[in-house]
Structure formats: C-alpha cells, structure tokens
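So you can see what is in the structure, the chains are spelled out below.
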Amino acid sequence: MSAFNAIGADQEVDTNAFTPGVEPRATWCPGCGDFAVLKTLKQAMVERGKNPDEVLLVTGIGCSGKLSSYFESYGFHSIHGRSLPVARAATLANPNLEVVAAGGDGDGYGIGGNHFTHTARENHDMTYIVFNNEIFGLTKGQTSPTSPKGHKSKTQPSGSAKNPIRPLEWGLNAGATYIARTAAVNPRQATEILVEAMDHDGFAHIDFLTQCPTWNKDAKQYVPYIDVQDSEDFEFDVHDRDEAAQMMRETDTRLHQGEILTGRFFVEEGRPSYSEEKRQTGQMPDEPIVEQYFDDDAEWKPSADLLDRHR
Ligand SMILES: Cc1ncc(C[n+]2csc(CCOP(=O)(O)OP(=O)(O)O)c2C)c(N)n1
Ligand code: SF4
C-alpha cells in the first residue's frame, strides 16, 4: 500500500501513523461511506500534528463502531450508545488527550440519545462524529431516528409513520459549542471540519452523512452537496445562535427533500469546557488525575482514596 493517502490533487500527507501495524481487514462493504470517515480522520490528525499516542478514539456498536479497530491510537470499543460516557471520563482524567467519540445515528441519536444531550449540555471537550446513514446498518437496515418519514424497512414495512429527528438543532438546543454537517462525498470539506472541530475547546458535534449501499440504496447521501459557507445564497453568521438555528431548520428540511447542505452551522467561542470550568473554580485539581495516579513513579493509591479526593 502507498505510504500516502491523497485527499486532494495538490495535497498529500502521510497517514500511515494512524494505520494499525497489523491492519485488520475492514469488514465494511465496498462503497460504504465509513471508509471516508476513517480516511478523513487520519488526514485531520496528521494536519493537526498529532501522534497516535496523543489520541483516544471511543466508539459505540454498529458498522460505524468498528472505526476504532481500523485506526491506530488508544481506542475503546464501548457498548451500544455508550461511547460518550467513556469519552467524558477520559477528558476529565486526562485533558491532554485528543478525545474523539464516534458511532452511528442509531447508536448516538437513538440508544445513546440521552448521553448526547447531556454531554453537549456540559460542553465536554471532545469531538463527536455521528455516522448518519439514516438506518441501523450492522443489523440489516432497520428504521433509525434519522430515517425519513415513509421509509420502508423490515421494522416498518408499510413505511415509517414518524418524523425524523433533527440532529443539528438537537445539538444546538442541548448546548454543543461547535456544530457541523459534512458528507462522505466531500472528503476535502470533511477533513477541514474535523480539524476545526478538534481545535475547538468544548463539545464539537459533527453529523457526518455516510452512505450505506447495502441497506439504504435510496438515501440522498449520494447527491452532491452545497457548502453553506461557500454559497452566496446562505449568508448567515455562524456565531449567531438564532441565525444558526434558522439555517439548521432549513438544512434539515432540505435534507428531507433530498438536498444536502453542509458546513459549519454554529460556533461558540469562549465558553469554558466542563473540565476547564471545574479547574477554574477549584473543583478539580490543576494536575490531571491521570498524572497523579498512573505515573510509574507514583506510589499506588487505593481507589477509595481517589474517590475521597474527588468527592
Ligand atoms: C443495547 C443494544 N441494543 C441493540 C443492539 C444490536 N445492535 C447492534 S449494532 C445495531 C445497529 C447499529 O446501527 P447504527 O448505530 O445506526 O450504526 P451503523 O451500523 O449504521 O453504523 C444494533 C441495533 C446492541 N448491540 N445493543
Ligand atoms: S452494512 Fe452499510 S453501513 Fe454497514 S458496512 Fe455495509 S455499507 Fe457500510
């Protein structure tokens, strides 16, 4: 395999550092959008100058959840819908880690929906990537919270009677401080957005539209995208909550009509992340917990002592 993975014609970077030494054979189907997330995430890490030992990738269960097996870094393949609590704990214990959580729309917006709301609300410093293919992929294409109304599947053979959720507005209302949508069909923009999201201090939510050619052939994830930042038709202030909300509403409505608008929809600077606020108010020690308890030279302290200290 080439040492370089080219994303754009004029740009080549070495992403091998993030490819496992013994590369597991990806079990994703040919044409699956998940390959694009893997590739763009590797590229974004290189662009941010990260090494694998500075990164933790936590995933849920699903085709998307396998991302942590195909990506070289610290990794944790958690249970369905539970990547965020694990990722939260990691950001509290070690603020120096680049923490990325990832999972599917069923994983993140269905089973883990409650964790999504509260991790956004508390503004934990991490990047959360939701592979949105509008179905449950691994379990063979059942209707998910993002499937459009009328979508036919084995769980709703006559067509879903429910309105899909609107993930971007959900993230905004919950309190995420960086919100973007990108698509597997646009790896250049996806890489840019991943870099920005990781640079951002606080909870960055990325709704990443991925295609599932095996179980969701009708999905509009294949259509060309329109970048809201590049288009004169969509001038809005990404820092203005009301304007962002209006754009998000329009975006999700258009998505349900088969048109993809992508880009950054909301960026709030200056709000301290959960652990930063805890440190500023003296509720958490300045020195990361991980350095106090997992230092090779440190005397081992029993867990009861650790609990007492952080009670
Ligand atoms: C608590 C729980 N419920 C259900 C399952 C079964 N299950 C495994 S993967 C999956 C679907 C995952 O779909 P999604 O999160 O959309 O990810 P995708 O496979 O599409 O990437 C389900 C329902 C499970 N493992 N655990
Ligand atoms: S079932 Fe769909 S989501 Fe899963 S690997 Fe295949 S194409 Fe990708």
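Everything here concerns the structure above.
Residues numbered from 1 in each chain as written. Chains lettered and ligands numbered in written order. Predicted model: local features only at pLDDT ≥ 70, side-chain atom pairs only at ≥ 80, totals over all residues. Heavy atoms only, no water.

Please explain the overall build of the protein chain as it appears in this structure.
Scanning the protein chain for helices and strands turns up 10 helices and 12 strands. Across the 311 residues in the protein chain, those meeting the buried criterion constitute 50%. Accessible area for the protein chain stands at about 14,600 Å²; split by element, carbon and sulfur atoms hold 49% of it. (Helix = DSSP H or I, 4+ residues; strand = E, 2+ residues; numbered from the N terminus. Buried < 20%, exposed > 50% of the residue type's maximum accessible area, 1.4 Å probe, protein only. Areas by Shrake-Rupley, 256 points an atom, 1.4 Å probe, with all protein chains shown as cover.)

In this structure, what is going on with the site of ligand 1? I would like to understand it.
The full set close to ligand 1 counts 16 residues, and Cys63, Ser64, Asp107, Gly137 and Leu138 are the nearest of them. Measuring from an oxygen atom of ligand 1, one finds a side-chain N or O atom of Asn133 at 3.0 Å. The protein chains hide 71% of the 590 Å² of surface that ligand 1 would expose on its own. Secondary-structure elements contributing two or more residues to the shell around ligand 1 are α3 (105–111) and β7 (135–136). Per-element accounting of the shell around ligand 1 gives the leading share, 4 residues, to α3. Classifying every residue of the shell around ligand 1 by side-chain character gives 6 nonpolar, 8 polar and 2 charged. (Near = heavy atom within 4 Å. Polar contact = N/O pair within 3.5 Å; in protein donor to acceptor, adjacent residues only side chain to side chain. Nonpolar A, V, L, I, M, F, W, Y, C, P; charged D, E, K, R; others polar.)

Any chance you could explain the packing of helix α4 (residues 113–121) against helix α5 (residues 167–174) here in plain terms?
Helix-helix packing is described using two parameters, namely the angle between the two axes and the distance between the axes. It is at 7 Å that the axes of α4 and α5 come closest, and there the two elements cross at 45 degrees. Here α4 lies oblique to α5, going by the angle between them. Across the interface between the two elements, Gly113, Phe116, Thr117, Ala120 and Arg121 from α4 touch Pro167, Trp170, Gly171 and Ala174 from α5. Residue composition of the contact of α4 with α5, by class: 5 nonpolar, 3 polar and 1 charged. (Axes fitted to C-alpha atoms, helices over the stretch in contact; angles between N-to-C directions. Parallel < 35°, antiparallel > 145°, perpendicular 65-115°, else oblique. Contact = heavy atoms within 4.5 Å.)

Can you walk me through the nonpolar core in this structure?
The nonpolar side chains of soluble globular proteins are, as a tendency, buried together. If you look at the biggest cluster of nonpolar residues, it comprises 62 residues, and the most contacted ones within it are Leu41 and Ile129. Dropping the residues within four chain positions of it, Ile129 is found in contact with Val37, Leu41, Val100, Ala101, Ala102, Gly103, Leu194, Ile206 and Phe208. (Core = buried A, V, L, I, M, F, W, Y, C linked by side-chain atoms within 4.5 Å.)

Mind showing me how you'd approach the side chain of Thr127 here?
Along the chain, Thr127 falls in strand β6 (residues 126–132). Taking relative accessible area as the criterion, Thr127 reaches 1% and is therefore assigned buried. Engagement of the side chain of Thr127 in a polar contact is seen with the backbone oxygen of Ala197, the distance being 3.4 Å.

Explanation requested: the sheet that holds strand β11 (residues 225–227) in the structure shown.
In sheet architecture, strand pairing relies on hydrogen bonds along the backbone and comes in two forms, parallel and antiparallel. Ordered in space as β4-β3-β5-β6-β10-β9-β12-β11, the 8 strands form an open sheet in which the pairing is mixed. The sheet is open, and its two borders are formed by β4 (74–77) and β11, each paired with just one other strand. Strand-to-strand twist of the sheet, defined as the mean angle between neighbouring strand axes without regard to direction, takes the value 20 degrees. Here strand β9 (residues 178–183) runs beside strand β10 (residues 203–209); their pairing, made up of 6 bridges, is parallel. Across the sheet, residue Ala183 finds its bridge partner in β10, namely Leu209. Across the sheet, α5 is in contact with β6, β9, β10 and β12 (260–267); its angle to β9 comes to roughly 165 degrees. Across the sheet, helix α6 (residues 187–199) touches β5 (98–104), β6, β9, β10, β11 and β12, and the angle it forms with β9 is around 160 degrees. (Pairing = 2+ DSSP bridges.)

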